[in-house]
Amino acid sequence: MGWIMILKDDFGVSAWTRHTGNFLSLFLLFLCLCSIPAHSDIVLPKAHHFSWKAGAWGQCFSEVCGSGGVQTRTIWCIHLEGWTTHHSHCQQVEKPESKRQCFKVCDGHQDLFEWEISDWGGCVLVPFFSNELKVRTTDCITAQHGIQRRNIHCIRTSNRSTVNIRICEFFSQKPPVEQACLIPCPQDCVVSDFTSWSSCSKTCSAGLQHRTRHVLATPMYGGANCPNLTETRTCTNSVDCPVSESEYQYSLKVGAWSKCRLPHNKDVLLSGRTTVDFGASSSENNSITLHTSDSHHHFHHYHHHAHAHVRYPMTWELEVGYQTRHVRCARNDGKNVMLSLCMKDNSPLTFQACVMPKDCQISDWSSWSYCSKTCRSTDLSPGYRVRTRIITQIPNGGGKQCPYLEEKEACNIIGDLLSKCPRYMWRTTDWGECRIRPLLSQQDQRRTNISMLCGGGVQTRKTYCVQISDDSAPHYRKEVSRPVNAWLCDGDDPPLAVQNCSIRCQHQCLLSQWSLWSACLHENCKERQGRKGFRQRKREVLWESSNTLGTCPHLMEFIPCEDPACYLWQIQQKEKCISTNSSCGPGTAVQNVTCVNTEGGDMPDTHCVDDPPPTKEACNVACSADCVVDSWSSWSSCSHSCATKTAEGKQSRTRTVLAIPGKDGKACPATPALEEWRVCNDHPCTVFYWETSEWGFCTEDASSKFNEISLWNGTSSCSVGVQSRNVSCMKMNAGPVISKRCLDSSRPETNRPCLLPCKKDCVVTPFSEWTACPTSCLPDNSTAAMQSRYRIIIQMSANGGQECPDTLYEERECDSVRVCPVYRWRMHKWHSCTLVPDSVRRGLSGSGEACGNGLETRGISCVGEDGEPANMTQCLQWAGPFPSQIRECRVACKDDCTLTAWSKFSECAGCGSSCTRRRSLVGRSKKKERCLNEDLYPLEENKTCPCDQFLSQPFGNWSACILPSPPVFKSLQGWMRHREIKECGQGLRYRAVACINHLGYLVNPALCIDSGYIVEVCHIPCPLDCKLSEWSSWSACSSSCGSGLKIRSKWLREKAFNGGRPCPKLDLKNQAQVYEAVPCNRECSQYEWRIEPWSICTINTVDDLPACGEGVQSRKIRCVMKGTLSGEDGSVDVNLCDQEEMPPRAQVCYLACPNDCVVAPWGAWSNCPPCDPDGARNRSRHILRLPASEKAVCPELVQSEPCLLNTTCFTYQYRVSDWSTCQLSESAICGEGSRSRLLDCVRSDGKTMELQKCRQFGLINKLQLLESCVVDCPVSCILTDWSPWADCSLTCGTQGHSVRTRRILQEAHEEGRPCPSQLTQTKPCPIRPCYMWLMNGWSACTVEGAKCGEGVRRRNLSCVVHWGNLHESPPPQPVNRDLCGDVLKQQLQQEMEQPCFVPCPGDCHLTEWSTWSSCQLTCLEGRSFESTGRQARSRAVIIQAMENQGSCPYQVFETQPCKGGKCHSYQWKTGGWTNNKRAVWCQRSDGVNVTGGCFAQKRPTTLRHCHPPCTKPFSHCTPSGVCGCEKGYTEVMTSHGFLDYCTRTPGVDNSKKADVKTNSGRLKPRPSQANDLFSEWTLRPIGQDGRVKLWVYAVTVVGFIVILFIIALSFLICKPSKTSKASPPPQKPLTLAYDGDVDM
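Residues numbered from 1 in each chain as written. Predicted model: local features only at pLDDT ≥ 70, side-chain atom pairs only at ≥ 80, totals over all residues. Heavy atoms only, no water.

Visitor: Give a description of the overall build of the protein chain that names residues and reports values.
Guide: On a plain count of helices and strands, the protein chain comes out with 11 helices and 111 strands. Counting over 1640 residues, the protein chain shows a buried share of 33%. Within the protein chain, contacts between residues at least 6 apart in sequence are counted, and of these 68% link residues at least 24 apart. For the protein chain, the exposed surface amounts to about 104,000 Å²; the carbon and sulfur share of it is 52%. (Helix = DSSP H or I, 4+ residues; strand = E, 2+ residues; numbered from the N terminus. Buried < 20%, exposed > 50% of the residue type's maximum accessible area, 1.4 Å probe, protein only. Contact = heavy atoms within 4.5 Å. Areas by Shrake-Rupley, 256 points an atom, 1.4 Å probe, with all protein chains shown as cover.)

Visitor: Describe in detail the sheet that holds strand S78 (residues 1117–1121), supporting the description with residues and values.
Guide: Across a sheet, strands are paired by hydrogen bonds formed along the backbone, either parallel or antiparallel in direction. Strands sit in the order S76-S78-S79 across an open sheet of three strands; the sheet is antiparallel. Either end of the sheet is taken by a strand with one partner, and the two such strands are strand S76 (1087–1091) and strand S79 (1131–1132). (Pairing = 2+ DSSP bridges.)

Visitor: Can you explain a nonpolar patch on the surface? Please cite residues and give values.
Guide: Together, Val-1597, Phe-1600, Ile-1601, Ile-1603, Leu-1604 and Ile-1607 make up a nonpolar patch on the protein surface, roughly 620 Å² of accessible area in all. As for its placement among the helices and strands, Ile-1603 is situated in helix H11 (residues 1590–1614). (Patch = residues over 30% accessible without salt bridge, like charges linked within 9 Å, V, L, I, M, F, W, Y side chains within 5 Å. Salt bridge = Lys/Arg side-chain N within 4 Å of Asp/Glu carboxyl O.)

Visitor: Describe the environment of Cys-931, naming the residues involved and giving the relevant values.
Guide: Mapping Cys-931 onto the fold places it in the loop between strand S66 (914–918) and strand S67 (940–944). Along the sequence, Cys-931 and Thr-898 sit 33 residues apart, while their C-alpha atoms lie 8.4 Å from each other. Dropping the residues within four chain positions of it, Cys-931 is found in contact with Cys-897, Leu-921, Ser-925 and Tyr-937.

Visitor: Let's hear about a negative patch on the surface: which residues, and what values?
Guide: A contiguous patch of negative charge, built from Asp-780, Glu-865, Asp-866 and Glu-868, is present on the exposed surface. By the secondary structure assignment, Glu-868 is in the loop between strand S63 (860–864) and strand S64 (869–870). (Lys, Arg positive; Asp, Glu negative; His and termini not counted. Charge placed at Lys NZ, Arg CZ, Asp CG, Glu CD.)

Visitor: Break down the packing of aromatic side chains for me, citing the residues and quoting the values.
Guide: Under the definition given, this model contains 10 aromatic pairs. Ring centres of Phe-534 and Phe-558 lie 6.4 Å apart, and the angle between their planes is 75°; this geometry places the pair in the edge-to-face category. Taken together, the residues span a long stretch of sequence, with Phe-534 in strand S37 (residues 532–538) and Phe-558 in strand S39 (residues 556–562) at a distance of 24 residues. Grouping residues by exposure puts Phe-534 and Phe-558 together as buried. Here Phe-1514 and Tyr-1529 contribute two aromatic rings whose centre-to-centre distance is 4.3 Å and whose plane-to-plane angle is 10°, an arrangement assigned as stacked. In this pair, Phe-1514 is assigned in the loop between strand S107 (1489–1491) and strand S108 (1515–1517) and Tyr-1529 in strand S110 (residues 1529–1533), connecting sequence segments 15 residues apart. For Tyr-1529, a relative accessible area of 8% corresponds to the buried category. Feature note: the residues Trp-316, Trp-825 and Phe-882 constitute an aromatic cluster, connected by ring pairs. The ring centre of Tyr-404 lies 5.3 Å from the NZ or CZ of Arg-389, which sits over that ring. (Phe/Tyr/Trp six-rings, centres within 6.5 Å; stacked < 30°, edge-to-face > 60°. Lys NZ or Arg CZ within 6 Å of the ring centre and 35° of its normal.)

Visitor: How would you summarise the environment of Arg-160 if you had to cite specific residues and measurements?
Guide: By the element assignment, Arg-160 lies in the loop between strand S12 (152–156) and strand S13 (162–163). Sequence separation of Arg-160 and Glu-114 is 46 residues, and the distance between their C-alpha atoms is 9.2 Å. A distance of 2.5 Å separates polar atoms of two side chains, one belonging to Arg-160 and the other to Glu-114. (Polar contact = N/O pair within 3.5 Å; in protein donor to acceptor, adjacent residues only side chain to side chain.)

Visitor: Account for the sheet that holds strand S14 (residues 178–184), naming residues and giving values.
Guide: The antiparallel open sheet is built from three strands, whose spatial order is S10-S11-S14. Whereas interior strands pair on both sides, the edge strands pair on one side only; in this sheet they are strand S10 (124–125) and S14. Judged from the two bridges that link them, S10 and strand S11 (residues 143–149) form a sheet pairing that is antiparallel. Bridge pairing in S11 links Val-124 to Ile-147.

Visitor: I'd like a rundown of unusual backbone geometry, residues and numbers included.
Guide: Each neighbour pair has its own omega, and for Ser-1369 with Pro-1370 the value is 0°, a cis peptide bond. Note that Pro-1370 resides in the loop between strand S96 (1357–1362) and strand S97 (1373–1374). For Tyr-221, which is not glycine, the phi torsion reads 55° and is therefore positive. Relative to the helices and strands, Tyr-221 resides in the loop between strand S17 (215–217) and strand S18 (230–236). Given a relative accessible area of 28%, Tyr-221 falls into the partly exposed group. Backbone geometry at Asn-799 places phi at a positive 55°, although glycine is not the residue there. Inspection of the secondary structure assignment puts Asn-799 in the loop between strand S59 (793–795) and strand S60 (809–813).

Visitor: Please set out the nonpolar core residue by residue, giving values where relevant.
Guide: Core analysis: the largest hydrophobic core is formed by 16 residues, its most contacted members being Trp-316, Ile-391, Ile-394, Trp-825, Met-872, Leu-876 and Phe-882. For this core, the secondary-structure elements that each account for two or more residues are S63 and helix H5 (872–878). Broken down by element, the residue count for this core peaks at three residues, all from H5. (Core = buried A, V, L, I, M, F, W, Y, C linked by side-chain atoms within 4.5 Å.)

Visitor: Explain the state of the cysteines to me, using residue names and the numbers behind them.
Guide: Evaluated as defined, the whole model comprises 57 disulfides. With a sulfur-sulfur separation of 1.6 Å, Cys-577 is cross-linked through a disulfide to Cys-619. Because the torsion about its S-S bond is 95°, the bridge between Cys-577 and Cys-619 counts as right-handed. One end of the pair, Cys-577, is in the loop between strand S40 (567–574) and strand S41 (578–579); the other, Cys-619, is in strand S44 (residues 616–621), and 42 residues separate them in sequence. Both residues of the pair, Cys-577 and Cys-619, count as buried. Unpaired in this structure, Cys-915 has its nearest cysteine sulfur neighbour in Cys-945, at a distance of 4.1 Å. (Disulfide = S-S within 2.5 Å.)

Visitor: Explain the pattern of salt bridges residue by residue, including any values.
Guide: Overall, the coordinates contain 32 salt bridges when judged by the stated rule. A salt bridge links Arg-385 to Glu-409, with the shortest nitrogen-to-oxygen separation between them at 2.5 Å. Residue Arg-385 is found in strand S28 (residues 383–388), and its partner Glu-409 is found in strand S30 (residues 406–411); the two are separated by 24 residues along the sequence. Residue Arg-385 is classed as partly exposed on the basis of its relative accessible area of 26%. On the basis of relative accessibility, which here comes to 29%, the residue Glu-409 falls in the partly exposed class.

Visitor: For the side chain of Ser-1234, give the residues involved together with the corresponding values.
Guide: Mapped onto the elements of the fold, Ser-1234 is located in strand S86 (residues 1231–1236). Look past the residues within four positions of Ser-1234 in its chain and what remains in contact with it is Gln-508, Trp-543, Thr-1221, Cys-1222, Gln-1223, Leu-1266, Glu-1267, Ser-1268 and Cys-1269.

Visitor: Got a sec to walk through the environment of Leu-1125? Specific residues and values, please.
Guide: The topology assignment puts Leu-1125 in the loop between S78 and S79. In this structure the C-alpha to C-alpha distance between Leu-1125 and His-640, which are 485 residues apart in sequence, comes to 6.5 Å. When residues no more than four places from it in sequence are discounted, the contact partners of Leu-1125 are Cys-638, Ser-639, His-640, Ser-641 and Arg-1090.

Visitor: Lay out the side chain of Ser-258 in plain terms, naming residues and giving numbers.
Guide: Tracing the sequence through the fold places Ser-258 in the loop between strand S19 (250–254) and strand S20 (274–275). Look at Ser-258 and you get buried, because its relative accessible area is 19%. Dropping the residues within four chain positions of it, Ser-258 is found in contact with Gln-323 and Thr-324.

Visitor: I'd like to hear about the confidence of the model for the protein chain, residue by residue, with values.
Guide: Put simply, the protein chain has an average pLDDT of 79, and 84% of its residues get 70 or more. Segment residues 1–47: pLDDT under 50, and 78 contacts once partners within four positions in sequence are set aside and those in other chains are kept. A low-confidence stretch, residues 266–310 stays under pLDDT 50, and its non-local contacts, those more than four residues away or across chains, total 81 contacts. (pLDDT = per-residue confidence, 0-100.)

Right, dumping it as structure tokens:
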């Protein structure tokens, strides 16, 4: 069964109904909880000094919500003294229960109840060191401990009724009820210093003077009250008063006007009779008093409530009443006397008509606005909310003024329950295209083909601010969020908007030298076919540029040949010839034959197809009589590099006869047999190679196995395509030929896979929010308000993707802007002039004529545009200035002056003239003296004629020249092409215009010129870049032999101007340091020696002797250019070759005779060990023929010589030249390039050799000869567009200006154009007049119709116009009030009248209020104790006659809260001592001297005392607290350190004479003349008493001892020594030249 629970509020209305299935009613919850005891501890009756103690019940535990829960608590057995013991000591019968059933409250019940917490109460003192609650003044240092409390209840959310507090404790912990607080120490009243004394109240005889002070801080927290603010003293004049002035003075004194009241329904008021009482009372005696009983009139006031049945007033009516005042005659001693003593001609005015007061009425508060802080941010500043109310009835007749109409309070101070504030961050678009043009100077732009540029450039992108919507979104996703205002991201630095980029240039390669031509090989040595083959040579890529277009040149060249052979038999070694039968004659030589490939590598014999050469070769061992011939020389170089139809290459080798044959010996071969020729380089001169074109575009390949791949971020996939290129066989210096001419196996590939470019759709942001429409209404005829929005292109479309939209910027008219409603005031007719009722007038003045001054009123209502009535609040808001509802009027009396009506104004004579109207007196008024007073009754009035002539006057300086900026939509579309901001050309400059009327007043500038400006065309000169000359010619190579650099340079032609690109650094000759260096190589010798074979050895024979033995042989030597083939002549002058290396033309030769030993020529010298000084090198030769006689000896077969550096031994090393400058592509101006250097092989003697020489010695080059480099790009400054013009800084005046700004996206780099200094531009705003209400100062207190008493002081509002600064010329000028707005509204916000008092002679009265003191905070140790400060003002009492002191009022002071207060501290200050006295005063931290505020216990002493007192003549108490002497006297002290007497200082003119009447004066010794002699010494030997000081005796004794010591020492030194027995050593004669000097 379900239970239904109905809870009702206090009105019996059902709040809510809830079903609880299978649970008890929630009503049981209250029964259960209300039965819980209020205290947590239950102490049962004790037994045998032990008792039970129970703890608080714990939480209710249950598996389900509702009843059935269990609640436990802890039970202790405690002793009477408080310690805990075992449970057995307590009586078990009385043990309280430790477990009970309970109702478990679940989260579902939490919404039904909540804590209701009141505000903290005031801070109350608590006992700290004692139990007394009192303000501690003496021991208080900074503050006193207090406590503040608040009320906490648990309430039902349905009807806000209070329930048991334990219910809410189930959900959350009870908030603290108390908290500690601090009460500042008692603060005494603080007053200022007294003013100077006033002048004497009388100019003769005795009078009074006074001085006053004012309150700076009122007493607080139990501090001392304020002292008297006035001091009075008598003053006496030397002149006695005349007898007549000693008589009494009488003054007419009036009281304050009574409240305005309505007359009674009956015309005659019995209680309105006037009674005059002459009594002794000084307060009310001799006063005309109207005794009336106040009638209680009940008026219905319109109060606005937030209920539908309450209406705002539809019309305002005023009522006219009357008011009276007391009048009495006061004597200067303060007593009232007969009124007739003060009144002579006219009786004072005691009644007047008045407007019945109406208090300001306002509506109820509106609802609170939304809190300005709607989210939780990092800063802890609170938000604010506002509520307002409106005026429903303006005050009239001195009614209660309107309170403040707007209230503001903090909200969401902590904001923990708020959601996090949205975060904003910068986003960027994609990078735009790479552009090189911005890097070009003006000179380069004119002479460079822009389309061919490559290399380094710049690209830009746009930054925009977005709101981060979701922190959990993956970072790699490109979120597209709507852009917001950039100022939301101002806290972070925007991302870079400019970066370097590059456009690929043509490929650059560094290649090695060509290798030698290989042998004729098959195309494929593994599959040898046919008799056609190829000879080939190769080169390698040493370095190639990256990220460039194109490929390196071909790396292989081919020559077709016949009879190719991939493998050849090679005779590796041939052994010595061994005779077969005897020691000489025919024999055999064994030779080692191996199969090698074309590169010389050993291969299996099966690879060589041809028959191998024989392993044994027939040879001949020369006999003693045989001819001996040398072995063949090496083949000479080939005469031709290739074979043509007309020539073929040949090379030769020779051998020489070493020994002639004897009789019967083997004869020598014929001369032709000593030389052999063979054909070489018989391949044709035609060379072929494969040539490749650049790779084409990537196209789709349907046959590809890979149809799509994923990109790195997984966002898109693209197909795999294919790239192709043309490959053709080229004939050197001819053109393409058929492919068979080239080696097919080395054909480059024609296709390769590639990644097809992905289709990229255009990506744009969503449109931004529409810009805000005006929140206020607009007039009906105003221009329609517009709002706009925009979006940004993030990614441009590419490769056939979706194109970008055309519309990036939209505008529309604001729909929500309402037109201002039109209301107007409707004025009713003026009522008749209302006077003071007759009964009142007759009762007070006795006059029965109903005439005089009165008031006229009229009703005012509000109507709408359609004429229908509307409530008055609408007109207050929309209808403009409030019309007057009351005016003065007069009902003419019989005795009044009579005048005619005013005539019409005369015609105006012109601009600036005036017109006049007149009236005249009528009848008897012409003869009345009072009527002839034109100040009271003017007969002529003038007014200034209107003038429509205005003077346009330029004001201020011209603005800077402002260039036109592109429209917003164009700047949005052109973001990808960040152009260089235009900094020159034609622009406009502005100058504000002041429009002045004929009176010299500033008026609306539209009356003179529509725009308010003078606009003038101006020109900004364009920047001129630095200009350099063309490149000079290349210089000579820096090295005369080997590798070096050659340089070319540019020089300065024109310097930069107007912010153009700066010049490079200049040298001392003002030349630009721009140069280019490239490597160069000078051949150490372009020529070489070419030698021919030696001739036959020529022997001079005698008679018929055989031609053998020693002879001479010669050879031809030619000087030829390097590279000349052997078949060519090419001989040049021998002087061009290196003479040091010239080979010998002739040499001694030896032709062996028959039977002699024959040896082969010397072999080459062996290599020296690495130039070891102890090493040696060898050469050897072998025996070709043995001698016939065994006794004959063969010559030496081995020679040796030492290794001498740079003679027989040389070392070699690599040397590199300097780096060249970074070389770019011809079409690039910056970016990635390369630099290079050349390699030389240098011998140890410094001679540059061929690189092959170093390679022969196994030297490996590890030096890098080419590397990548980067030339920095001359990036010019790149700026954002100008921001839109900001609103004027001031709405009026001459100082207003509008600003626009831009920021730097990229600073200038290298020789780029620098950033302009002008990042902010201002232009003047139109000079509009500044209208303001100027409040005049308070007038003097005016008492109407009397000399003293209660009066009124007034101040007026005037509308003035000024030029924006009140303190500068011209000064503000008064103008029509309508230009400043509604004067009534302005007066409602100000106090225009205030009561005042003019004291009568002899009155004791209060001064005027002092000015408000500075705002002061209550602070502890310099820190503010509160947020709102206080300021005080006071009125002091002025006594004019001592006999009137009894009637003096009390001094008064008041405080008010203030903002912007300061913490003040107080400190005692002291002056200098004078006659043992000094001034002590208290000073505030801002330098103001005050009374009060300083701790009295710490007050410094004002008198100084010495112990014992200084009673000696001419003595005084010194600052150190001891007695001293006056100036001109010296202290003579006793042995105890006290002053004995003062003696006159010698030499000091002392006008004071000693008191001869005292013993001290008679006993003073006279100072001696010696004392006068030593008076100027620093250390005086004679004291002030004329006695020699003790230290003089000590110095004398010490001096005497020193003299004795010197005498003794001199005696010991000068004593003659004993004569020595040994003869003195011989002395060398000393020759002196006497020059006549006496010393000699």
